[in-house]
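Chain and residue survey
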Amino acid sequence: MDGFLVATAVSFAVIFVAELGDKSQLMALTFATRFKTLPVLIGITVATAVVHLVSVGIGYGLGATLPTDWISLVAGLAFLAFGAWTLRGDKLTDDEKNKAERSTGSAILAVGGAFFLAELGDKTMLATITLATSYGWFGTWLGSTVGMVAADALAILVGRLLGRHLPEKVIKYGAAALFAIFGVWLVVEALTELT
């Protein structure tokens, strides 16, 4: 049970922070201006649950077949790369923004489809794969899914309350710093095990 709680908490924290300032939050804000909040959140939740289930399957499979000390080293380096990626920033492309603004079908299907496609290969998917190599699949899946939905819900709430975007620089640097801390921690842990 302790392993499950640790996996859930770590995954929630990492994915929540990774999602801050991500294009998914911008999509959530865009959809929330067109549709009611509940269908938007349901679409985000379903898409996230499916993408992260695939992610933990990949990560858990890798974790079962590869030596854990090397996985920790690669995971640490990946987290450092995610920190750099976060500093680079994420923007909605014109095509993604147009799709979000033009959706005419069911809100849940429109949001779910857009989020599913946007998250494939995104840093949150890669971070979930990385986390699943070291933690149990279910806790990682649950924590990462709830973390992403919570971050997108926060974007919708703050966007509706304040009518403007979150301060991007503060979010960007904070998220990058947390990725760097997790990355250094995993690299040091791996190097300790390898020596």
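How each quantity is defined
- Residues numbered from 1 in each chain as written.
- Predicted model: local features only at pLDDT ≥ 70, side-chain atom pairs only at ≥ 80, totals over all residues.
- Heavy atoms only, no water.
- Helix = DSSP H or I, 4+ residues; strand = E, 2+ residues; numbered from the N terminus.
- Expected span 1.5 Å × (residues − 1).
- Buried < 20%, exposed > 50% of the residue type's maximum accessible area, 1.4 Å probe, protein only.
- Core = buried A, V, L, I, M, F, W, Y, C linked by side-chain atoms within 4.5 Å.
- Contact = heavy atoms within 4.5 Å.
- Axes fitted to C-alpha atoms, helices over the stretch in contact; angles between N-to-C directions.
- Parallel < 35°, antiparallel > 145°, perpendicular 65-115°, else oblique.
- Left-handed = near helix turned anticlockwise from the far one by under 90°.
- Nonpolar A, V, L, I, M, F, W, Y, C, P; charged D, E, K, R; others polar.
- pLDDT = per-residue confidence, 0-100.
- Phe/Tyr/Trp six-rings, centres within 6.5 Å; stacked < 30°, edge-to-face > 60°.

Observations concerning helix α7 (residues 123–134)
In this model, α7 (twelve residues) spans 17 Å end to end at C-alpha, consistent with the 16 Å of a helix rising 1.5 Å per residue. Within α7, ten of the twelve residues are buried, leaving the element largely enclosed by the surrounding structure. Among all positions in α7, only Lys123, Thr124, Met125, Ala127, Thr128, Ile129, Thr130, Leu131, Ala132 and Thr133 are buried.

Quick notes on the nonpolar core
Phe31, Val40, Ile44, Val111 and Phe115 are the most contacted members of the largest nonpolar core, which has 22 residues in total. Secondary-structure elements contributing two or more residues to this core are α1 (2–19), α2 (23–34), α3 (37–65), α6 (107–119), α7 and α8 (137–162). Every residue in contact with Val111, bar those within four places of it in the chain, is listed here: Phe31, Phe35, Val40, Gly43 and Ile44.

Here we look at the packing of α2 against α6
In the contact formed by α2 and α6, the axes pass within 11 Å of each other and the chain directions differ by 165 degrees. Judged by the angle between their axes, α2 and α6 are roughly antiparallel. Like other packed secondary-structure pairs, α2 and α6 cross with a definite hand, here right-handed. For the pair α2 and α6, contact is made by Lys23, Ser24, Met27, Ala28 and Phe31 and by Ala110, Val111, Ala114, Phe115, Ala118 and Glu119, respectively. Its residues assigned to classes, the contact of α2 with α6 shows eight nonpolar, one polar and two charged.

Digging into the confidence of the model for the chain
Confidence in the prediction for the chain averages 78 pLDDT; 75% of positions are at 70 or higher. α1 holds the highest mean pLDDT among the elements of the chain, 90, whereas helix α5 (residues 94–102) holds the lowest, 60.

Section: the packing of aromatic side chains
Scanning the model with the defined rule gives four aromatic pairs in all. Arranged with centres 5.7 Å apart and planes meeting at 15 degrees, the rings of Phe4 and Phe138 form a pair that is stacked. You can see Phe4 sitting in helix α1 and its partner Phe138 sitting in helix α8, a full 134 residues away along the chain. With a centroid separation of 5.7 Å and an interplanar angle of 15 degrees, the aromatic rings of Phe12 and Phe16 are classed as stacked. Separated by four residues within a single helix, Phe12 and Phe16 lie in helix α1, roughly one turn from each other. Using a relative accessible area of 22% as the deciding quantity, one classes Phe16 as partly exposed. Through a chain of ring-to-ring contacts, the aromatic side chains of Phe4, Trp137, Phe138 and Trp141 assemble into a single cluster.

Quick notes on the packing of α1 against α7
Contact pair α1 / α7: the axes reach a minimum separation of 10 Å and the direction vectors enclose 160 degrees. By the angle class used here, α1 and α7 are roughly antiparallel. Where α1 crosses over α7, the two elements pack in a sense that is right-handed. Of α7, the residues touching α1 (which contributes Val10, Ser11, Val14, Ile15, Ala18 and Glu19) are Lys123, Thr124, Ala127, Thr128 and Leu131. Its residues assigned to classes, the contact of α1 with α7 comprises six nonpolar, three polar and two charged.

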